[in-house]
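Descriptive structure summary
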Amino acid sequence: MKIHEKYMARCLQLAKNGLGTTYPNPMVGAVIVHNEKIIGEGWHQKAGEPHAEVHAINRVHAKEVLKESTIYVSLEPCSHFGKTPPCSDLIIASGIKKVIIGSVDPFAAVAGRGIKKLLDAGCEVVVGVLEEACKILNKRFFTFHNQKRPYVLLKWAESNDGFIAPNPEDRKNRGPVWITTPASRQIVHKWRAEEMAILTGTNTVKADNPALTTRDWAGPSPTRIILDRKLRLAKSSAVFDGKRPTLVITESEAEDAHNLKYAKADFKKDLPRQILDILYAEGLQSVIIEGGAKTLASFIEAGLWDEARIFKGNVNFIRGVAAPRLVNSTPRKVFSFTGDQLAIHYNV
């Protein structure tokens with residue numbers, strides 16, 4: 001099994017190259033081994049383009065050795081026709097007889113069918129190598145298909161004395177008040193490029209006028225989710241610039257426009273659950289909650305969060321808006337860099 005883990009670890013390493021570019025597909029890595037030597041490898045790079053198994057098989061120059069080779073794949077090979085043909089069919093047609101799989105695909109169109117097809121064709125199949133690591137890699141994909149909601153990532157920055165923002169009277173006409181360093185803010189833009197959506201509320205848009213894009217990092221900007229109960233936000237706000245898809249969740253009636261869509265919710269009842277149901281219906285597999293303290297606290301109180309990334313900056317406000325609190329949660333990881341501290345929590 002150790003040798004299997006070695007090559008599966010390489011699959012995971014390859015698969016991570018697709019973070020942020022494969023949606024709505026999962027990240028997948030594949031490695032082909034012959035006589036304990038890697039002869040082909042690949043990863044899924046973008047939705048609609050060839051899958052990891054295709055890249056790996058295409059990189060094998062001597063196709064005649066495939067019948068004596070083993071293919072390692074971090075996720076069950078697909079068995080259905082989507083934008084690309086089934087990878088299980090390609091594996092069978094290539095003559096590969098041994099297939100090592102990290103985890104079963106939770107997507108209903110696959111969900112064991114790829115494995116069955118391989119077994120029916122006479123392939124030897126081993127499932128569950130580094131299974132937990134394979135599931136963690138695709139935590140967004142698994143959460144979306146198994147729990148019928150997006151993966152929820154809370155993010156906020158707080159001052160050294162525990163405030164998420166200064167007192168409103170102290171920030172009049174000042175615009176955004178930065179708690180963290182430019183390097184930390186660049187990391188946040190990297191995170192935005194890795195997720196499908198980013199959510200904030202009315203007060204945050206009014207106070208900071210954020211664009212919620214990835215200006216400081218190369219990569220796609222997420223779909224913007226704006227909570228605007230009474231449609232009080234000015235259309236001149238940066239989030240309404242039309243450059244990225246924007247979804248406004250509201251109680252009011254409004255007409256959709258270019259890159260702007262409206263969805264209705266009852267703000268008096270279980271709003272976090274309604275929000276996640278709306279995002280699930282939109283096919284959004286992950287969301288960063290970058291709202292104010294009230295919005296963040298509502299997801300914490302509902303227990304509807306998976307990961308929290310909390311910056312503590314080297315500033316003091318003395319008074320202001322208290323930062324949210326995660327009850328009975330200790331950080332899994334803590335990093336210190338560029339004058340800030342980053343703590344990462346998981347809701348387990």
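Rules used throughout
- Residues numbered from 1 in each chain as written.
- Predicted model: local features only at pLDDT ≥ 70, side-chain atom pairs only at ≥ 80, totals over all residues.
- Heavy atoms only, no water.
- UniProt positions renumbered as here; feature names shortened; annotations may be inferred.
- Core = buried A, V, L, I, M, F, W, Y, C linked by side-chain atoms within 4.5 Å.
- Buried < 20%, exposed > 50% of the residue type's maximum accessible area, 1.4 Å probe, protein only.
- Helix = DSSP H or I, 4+ residues; strand = E, 2+ residues; numbered from the N terminus.
- Contact = heavy atoms within 4.5 Å.
- Axes fitted to C-alpha atoms, helices over the stretch in contact; angles between N-to-C directions.
- Parallel < 35°, antiparallel > 145°, perpendicular 65-115°, else oblique.
- Nonpolar A, V, L, I, M, F, W, Y, C, P; charged D, E, K, R; others polar.
- Polar contact = N/O pair within 3.5 Å; in protein donor to acceptor, adjacent residues only side chain to side chain.
- Lys, Arg positive; Asp, Glu negative; His and termini not counted.
- Salt bridge = Lys/Arg side-chain N within 4 Å of Asp/Glu carboxyl O.
- Arc of directions from axis to C-beta.

The name given to the protein chain in an unreviewed UniProt entry is Riboflavin biosynthesis protein RibD, with the source organism recorded as Leeuwenhoekiella parthenopeia. Taken verbatim from the UniProt record of the protein chain, the Function (unreviewed entry) comment is "Converts 2,5-diamino-6-(ribosylamino)-4(3h)-pyrimidinone 5'-phosphate into 5-amino-6-(ribosylamino)-2,4(1h,3h)-pyrimidinedione 5'-phosphate."

With that settled, consider the nonpolar core. One finds Leu154 and Trp156 to be the most contacted residues of the largest nonpolar core, which totals 34 residues. Among the elements that make up this core, the one with the highest residue count is helix H9 (residues 271-281) (5 residues). Contact partners of Trp156, with chain neighbours within four places excluded, come to Ile164, Leu296, Ile300, Arg309, Ile310, Phe311, Ala323, Pro324 and Leu326.

Let us look at helix H6 (residues 139-147). Most of H6 sits out of view: 7 of its 9 residues are buried. Residues of H6 that are buried include every one of Lys139, Arg140, Phe141, Phe142, Thr143, Phe144 and His145, and no others. Just downstream of H6, Lys148 is the residue with a positive phi angle, here 60°.

Attention now goes to the packing of H9 against helix H10 (residues 293-302). Between H9 and H10, the shortest axis-to-axis distance is 9 Å and the interhelical angle comes to 95°. Our classification of the angle between H9 and H10 gives roughly perpendicular. Contacts between H9 and H10 involve Pro272, Ile275 and Leu276 from the first element and Ser298, Phe299 and Ala302 from the second. Each residue belonging to the contact of H9 with H10 can be placed in one class, and the counts come to 5 nonpolar, 1 polar and no charged.

Mapped onto the secondary structure, Ser286 falls in strand S12 (residues 286-289). At 2.9 Å, the side chain of Ser286 and the backbone nitrogen of Met196 are in polar contact. In contact with Ser286, other than residues within four places in its own chain, are Tyr23, Arg140, Pro150, Tyr151, Glu195, Met196 and Ala197.

For the rest of this paragraph, the subject is the side chain of Glu53. Looking at where Glu53 falls in the secondary structure, it is placed in helix H2 (residues 52-58). In this structure, Glu53 is buried with no salt-bridge partner, the nearest side chain bearing the opposite charge being Arg59 at 11 Å. For Glu53, the residues in contact, after removing those within four places along its chain, are Ala30, Ile71, Val73, Leu75, Pro77, Cys87, Leu90 and Ile91.

Scanning the model with the defined rule gives 20 salt bridges in all. Across the pair Lys312 and Glu158 runs a salt bridge whose closest N-O atoms are separated by 2.9 Å. In this pair, Lys312 sits in strand S13 (residues 307-312) while Glu158 sits in strand S6 (residues 151-158), placing the two residues 154 residues apart along the sequence. Overall, the relative accessible area of 6% leaves Glu158 in the buried class. A salt bridge links Arg325 to Glu158, with the nearest nitrogen and oxygen atoms 3.5 Å apart. With Arg325 in the loop between strand S14 (320-322) and strand S15 (333-337) and Glu158 in strand S6, this pair connects stretches of sequence that are 167 residues apart. Overall, the relative accessible area of 48% leaves Arg325 in the partly exposed class. Among the charged side chains, a salt-bridge network with shared partners connects Lys139, Glu307 and Arg309.

Residue position: Val348 is located in the segment after strand S16 (340-346). You can call Val348 exposed: its relative accessible area is 86%.

To continue, consider helix H4 (residues 113-120). One full turn of an α-helix is made of 3.6 residues, so residues set three or four places apart face in the same direction. Within H4, burial applies to Gly114, Ile115 and Leu118. Viewed end-on, H4 has its buried residues packed into an arc of 100°, placing them on one side of the element. Exposed residues on H4 whose side chains face more than 90 degrees from its buried face are Lys116 and Asp120. Check the buried side of H4 and you find it contacts helix H3 (87-94), strand S4 (98-103) and strand S5 (124-127). Just beyond H4, the residue with positive phi is Gly122, at close to 90°.

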